[in-house]
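Commentary on secondary and tertiary structure
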Amino acid sequence: MRVTFTVNGRRQEADDVWEGESLLYVLRERMGLPGSKNACEQGECGSCTVRLDGVPVCSCLVAAGQVEGRDVVTVEGLADFAKQRAEGGCASGVCGTGLDEAQQWQARPAGSRTGEQAELAPIQQAFIDAGAVQCGFCTPGLLVAADELLERNDSPSDADIREALSGNLCRCTGYEKILDAVRLAAARGENRTAGQGA
Amino acid sequence: MTGTPPRAATAPGRTPTNLTQGGQTKAGIGESTLRPDGTLKVTGEFAYSSDMWHEDMLWGFTLRSTVAHAEIRSIDTAEALATPGVYSVLTYDDLPTDVKNYGLEIQDTPVLAHGKVRHHGEPVALVAADHPETARRAAAKIKIDYAELPVVTDEASATAEGAPLIHENRTDHHIGHVPHPNIVHRQPIIRGDADEAAKKADVIVSGEYVFGMQDQAFLGPESGLAVPGEDGGVDLYVATQWLHSDLRQIAPVLGLPEEKVRMTLSGVGGAFGGREDLSMQIHACLLALRTGKPVKIVYNRFESFFGHVHRHPAKLWYEHGATKDGKLTHLKCRIVLDGGAYASASPAVVGNASSLAVGPYAVEDVDIEAIALYSNNPPCGAMRGFGAVQACFAYEAQMDKVAKKLGMDPVEFRQLNAMEQGTLMPTGQPVDSPAPVAELLRRVKAMPLPPEQQWLTAGAGADVRALPGGLSNTTHGEGVVRGVGYAVGIKNVGFSEGFDDYSTARVRMEVVGGEPVATVHTAMAEVGQGGVTVHAQIARTELGVQQVTIQPADTQVGSAGSTSASRQTYVTGGAVKNTCEHVREQVLELGRRKFGTYHPAWATAELLLEGGKVVTDGGEVLATLADVLEDAAVDLELEWRHRPTEPFDLRTGQGNGHVQYSFAAHRAVVEVDTELGLVKVIELACAQDVGKALNPLSVVGQIQGGTTQGLGVAVMEEIIVDPKTAKVRNPSFTDYLIPTILDTPTIPVDVLELADEHAPYGLRGIGEAPTLSSTPAVLAAIRNATGLELNKTPVRPEHLTGT
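None of the values given here were measured: they were computed from a predicted structure.

Here we look at the overall build of chain B
Scanning chain B for helices and strands turns up 19 helices and 33 strands. Burial statistics for chain B: of 803 residues in total, 66% are counted as buried. Residue pairs in contact within chain B that sit at least 24 positions apart in sequence constitute 79% of those at least 6 positions apart. As displayed, chain B has an accessible area near 26,700 Å², and 50% of this comes from carbon and sulfur atoms.

Considering the pattern of salt bridges
Once their charged atoms are close, side chains differing in charge can pair, the charge on each being opposite to the other. A full pass over the atoms with the stated rule returns 67 salt bridges over all chains. Across the salt bridge formed by A:E151 and A:R51, the nearest N and O atoms sit 2.8 Å from each other. With a gap of 100 residues between them, A:E151 in helix 5 (residues 139-152) and A:R51 in strand 3 (residues 49-52) connect regions that are remote in the sequence. Two residues, B:K41 and B:D37, come together in a salt bridge whose shortest N-O distance is 3.1 Å. Assessed through its relative accessible area of 2%, B:K41 is described here as buried. Connected through salt bridges with shared partners, the residues A:R2, A:R11, A:E13 and A:D15 form a single ionic network.

Thoughts on unusual backbone geometry
Cis geometry is adopted by the peptide bond preceding B:P794, which originates at B:T793 and carries an omega value of -15 degrees. Its location among the elements puts B:P794 in the loop between helix 18 (769-786) and helix 19 (797-801). One non-glycine residue with positive phi stands out, namely A:Y175, at about 70 degrees. Position of A:Y175 relative to the elements: it lies in the loop between helix 6 (158-164) and helix 7 (176-195). For A:Y175, a relative accessible area of 1% gives the class buried. We note that B:F386 has phi near 40 degrees; this positive angle belongs to a residue other than glycine. With respect to the element layout, B:F386 can be found in the loop between strand 20 (380-381) and helix 10 (388-406). Taking the relative accessible area as the measure of exposure, B:F386 reaches 15% and is therefore buried.

Some details on the interface of chain A and chain B
Every contact between the two is made by 61 residues of chain A and, on the other side, 74 residues of chain B. The junction of chain A with chain B conceals about 5,500 Å² of combined surface from both sides, 56% of it contributed by carbon and sulfur atoms. For the pair chain A and chain B, the interface holds six salt bridges. Across the salt bridge formed by A:R28 and B:D51, the nearest N and O atoms sit 2.8 Å from each other. At the junction of chain A with chain B, the criterion picks out 27 residue pairs in polar contact (both at pLDDT 80 or more).

Looking at the side chain of B:D365
All names here are of chain B. Relative to the elements of secondary structure, D365 occurs in strand 19 (residues 365-373). Buried charged residue D365 carries no salt bridge. Nearest counter-charge: K200, at 4.9 Å. Polar side-chain contacts of D365 include one of 2.7 Å to the backbone nitrogen of D193. Setting aside its immediate chain neighbours within four residues, D365 contacts R191, G192, D193, A194, A197, T329, H330 and L331.

Brief notes about the confidence of the model for chain B
Reading predicted coordinates in detail is not appropriate for stretches of low pLDDT. Here chain B averages 96 in pLDDT, while 99% of its residues score no lower than 70. As scored by the predictor, the complex reaches a pTM of 0.95 and an ipTM of 0.96.

Focus on the sheet that holds strand 25 (residues 515-521) of chain B
Residue and element names in this part refer to chain B. Reading across from one edge, 1-26-25-24-30 is the order of the five strands in this open sheet, with mixed pairing throughout. Looking at which strands have only one partner, the edges of the open sheet turn out to be strand 1 (19-21) and strand 30 (634-641). On average, each strand axis in the sheet is tilted by 20 degrees relative to the strand beside it, whichever way the strands run. Looking at chain direction, strand 24 (residues 502-512) and strand 30 are connected through eight bridges and run antiparallel. Bridge pairing links S503 to W640 in strand 30. Along the sheet, helix 13 (residues 531-543) contacts strand 1, strand 24, strand 25 and strand 26 (547-550); its crossing angle with strand 26, the most-contacted strand, is approximately 140 degrees. Those strands touched by helix 14 (residues 568-595) are strand 24, strand 25 and strand 30, and its axis lies near 140 degrees from that of strand 30.

A closer look at helix 17 (residues 696-715) of chain B
When the terminal C-alpha atoms of helix 17 of chain B are compared, their 29 Å separation across 20 residues agrees well with the 28 Å that a helix rising 1.5 Å per residue should span. Across the 20 residues that make up helix 17 of chain B, a large majority, 17, are buried.

Quick look at the confidence of the model for chain A
All names here are of chain A. On average, chain A scores 87 in pLDDT, and the residues at 70 or more come to 82%. Mean pLDDT across the elements of chain A ranges from a minimum in helix 3 (residues 99-103), with 54, to a maximum in strand 3, with 98. When the criterion is pLDDT under 50, residues 90-96 qualifies, and its contacts beyond four places in sequence or with other chains add up to 13 contacts. For the stretch residues 105-113, pLDDT sits under 50, and the model shows 15 contacts to residues farther than four places along the chain or on other chains.

What counts as what
Residues numbered from 1 in each chain as written. Chains lettered and ligands numbered in written order. Predicted model: local features only at pLDDT ≥ 70, side-chain atom pairs only at ≥ 80, totals over all residues. Heavy atoms only, no water. Helix = DSSP H or I, 4+ residues; strand = E, 2+ residues; numbered from the N terminus. Buried < 20%, exposed > 50% of the residue type's maximum accessible area, 1.4 Å probe, protein only. Contact = heavy atoms within 4.5 Å. Areas by Shrake-Rupley, 256 points an atom, 1.4 Å probe, with all protein chains shown as cover. Salt bridge = Lys/Arg side-chain N within 4 Å of Asp/Glu carboxyl O. Buried area = accessible area lost by both parts, 1.4 Å probe. Polar contact = N/O pair within 3.5 Å; in protein donor to acceptor, adjacent residues only side chain to side chain. Lys, Arg positive; Asp, Glu negative; His and termini not counted. pLDDT = per-residue confidence, 0-100. Pairing = 2+ DSSP bridges. Axes fitted to C-alpha atoms, helices over the stretch in contact; angles between N-to-C directions. Expected span 1.5 Å × (residues − 1).

This is the structure in structure tokens:
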């Protein structure tokens, strides 16, 4: 079957999708967006978390057909998504990565391969700065979940953070630096707001 | 680059890339430099092994045994092969050479089962198809006729008269000294006279302990992509802990010379020992070579539980004696590790469990024995802490028991017996670097305790999220009691017992765009530990450059050894440092030839490379590196070794077997709902000596991560194997629980830096020690809260409620 939906602000089509295929498989293997991770594919670890019409879901548990006509944001689109949110929406309607571009996905050429100049969402930068990334396999899912938390609650308590991220397993960090990262992103958000006099 | 061997016809659409980093203000060793792969990882661009992709690639799938022990009477693949979309089905009969087994030390593991299966989940057949679901469905059509055999599941059944032999015709080098063919390896350690010393004891305390089977549960599943090459070879992109060890095992099975199996490390989603053994490597290569197409294999979580070895479950019998003034007199102990169906790392785990069985204490008279069994349980091998974890669980429980019997404070009792620099190990080896055991205990005890009843909120009653049971709302604080427990452990760093534990580094220095740039190329597996960060820090420090490129790890450079045993920063870090020093010498020699006549300091002063310049130790600038190098490049590849070790004597266990030791102490604070048997760990404080923190941020992250894995085994993690059928009951994240952010407490860390003069920069391997002591600390805290004996991990509600 053909599935048509919006990914990171761009309309995308996937052909020859088998009825049992998950959204995760379509994103990773058909659209060239491997950022959503395949750690358990049982809805237990949260590594494949994406926003579906704004709601964080495990994309491994969503059948691809269910997203027909709907709106998906993955970790690849998180920086754009956060920027548009800060600016009050995507005016042009063509933000994000095109399908042709996505299918030709490659890491960036030498020189900028660590992407030090890349524009990041505040939560992405906070994860790097706080040392919350080790092997990094859980990171995309945690970023999507944490970004959604901060969208709802810009100054979460530790208990709020723990509750919001309890569906995302991490095996490397012991979670302390992930807590640090979310606290850091929240604090920077407050500073920015204060600085703008809002 | 010249001399590049022939590659695959086409490179995959996604491959690991160079990591180039420069311009950070905190850049050298001792600084909390940020990861060079951090941005790629937070944007989803980092190419993990399961993200590998090639145009026209096929998907491989492994059919696994549904029984633990059986003869294979027949395999019928016809229907599977006839399935539309299927390109190949392989069984044992299709293996291309006479080499049909592999293994880390003993080659006893079949690539595909032949004749019989020895454990639940053993690979039997392979399928390659155009869609992963097609491959799975085709595999389900393969008909296997099993004739089931009785299973061996513990020491009694393994060594009983007439017990089935797991490996009937053993020829490995351990068979000559083991008491039974179902025992992989046995290591006694006898020093002094434990029986005689026991006569001096005022109290004698014994105990029996059971350590459950833990899983590494790394999040990135076993996966990779094999691409057939034009020259008949194969390119393999894979997540592993040691490329060259894989290569040594893969090439003979494929019948290819090693240079025709070109391996590149792809992004590794955690390892913790679980990627030391091969999983899908040979399978993907076989399918790729057979079909002539790129083949990707990605395990799902269920399969991952069968695709790698686990931590050895263990039974441990301990007897300690002490005088009434609190000095340990002797230790007698016996440790039985279950290695499962194949040897994997069992011999080395036995060496560690026995040689570290005393713990970080000075005990002169010991009688220790450790064995590993062959059984029909899942194969066990390497996992963070490697033999030391099981022993630490038992000896720390014993320390509390002895202290209690003597009426002493458990921390003071440990400090009284703590080893220090110069103490002899039970193997007779002197500990010749700082061993701050008493100090670590002092530090962890001195940290402020978390406030009592933190779950009580002002006015609103209890915040159930902070209570045992959490949002399940099982208690509002009634029946909740607090306990505090302590533990400390010792772990060896690096490979022991005479192993040639070397590493190789290639370092190139040249001018790019007017700026000096260092390129570091090693075969080190970056599994998340931060080796890539540290290598760049070392290159900056030694070569005075800002810009460093880390090349992807592959087999075009010499072996880096394994990313395990807490060794990689020591050994490959040491290799990078050593190679940089030789590069620096050559750069200075270039400078002397070019500019030596202009300034006498070139000949007379101690010269350094700093900030892109050659400077004297007095700070005078002699030249820029750009001027010294111009169009030249200095490029060296060198091996580096730490000081050698020797094997343990097979009868007495004596020998200088270890390179270095790592020490950590924990204090656990728990709250227990005694009515429901639910445990909430409130805090797990850690103090660890790291010798020198090359990257303090990463060091703390490692300690917190290791601590959490120890917490997991204390209260929730266990692979449950049915004792009657040897089948695994819980191969999923639904049923095998690892700690979530709600289960994990605050983990304050106190880092001590007492340099080890034998190690590069004085550093100490850090990855494993925090996993040792966190488990017994949590157990001690639960015992302290409940007064129960609790001799088994993990502690389950029924152990606390007696139900």
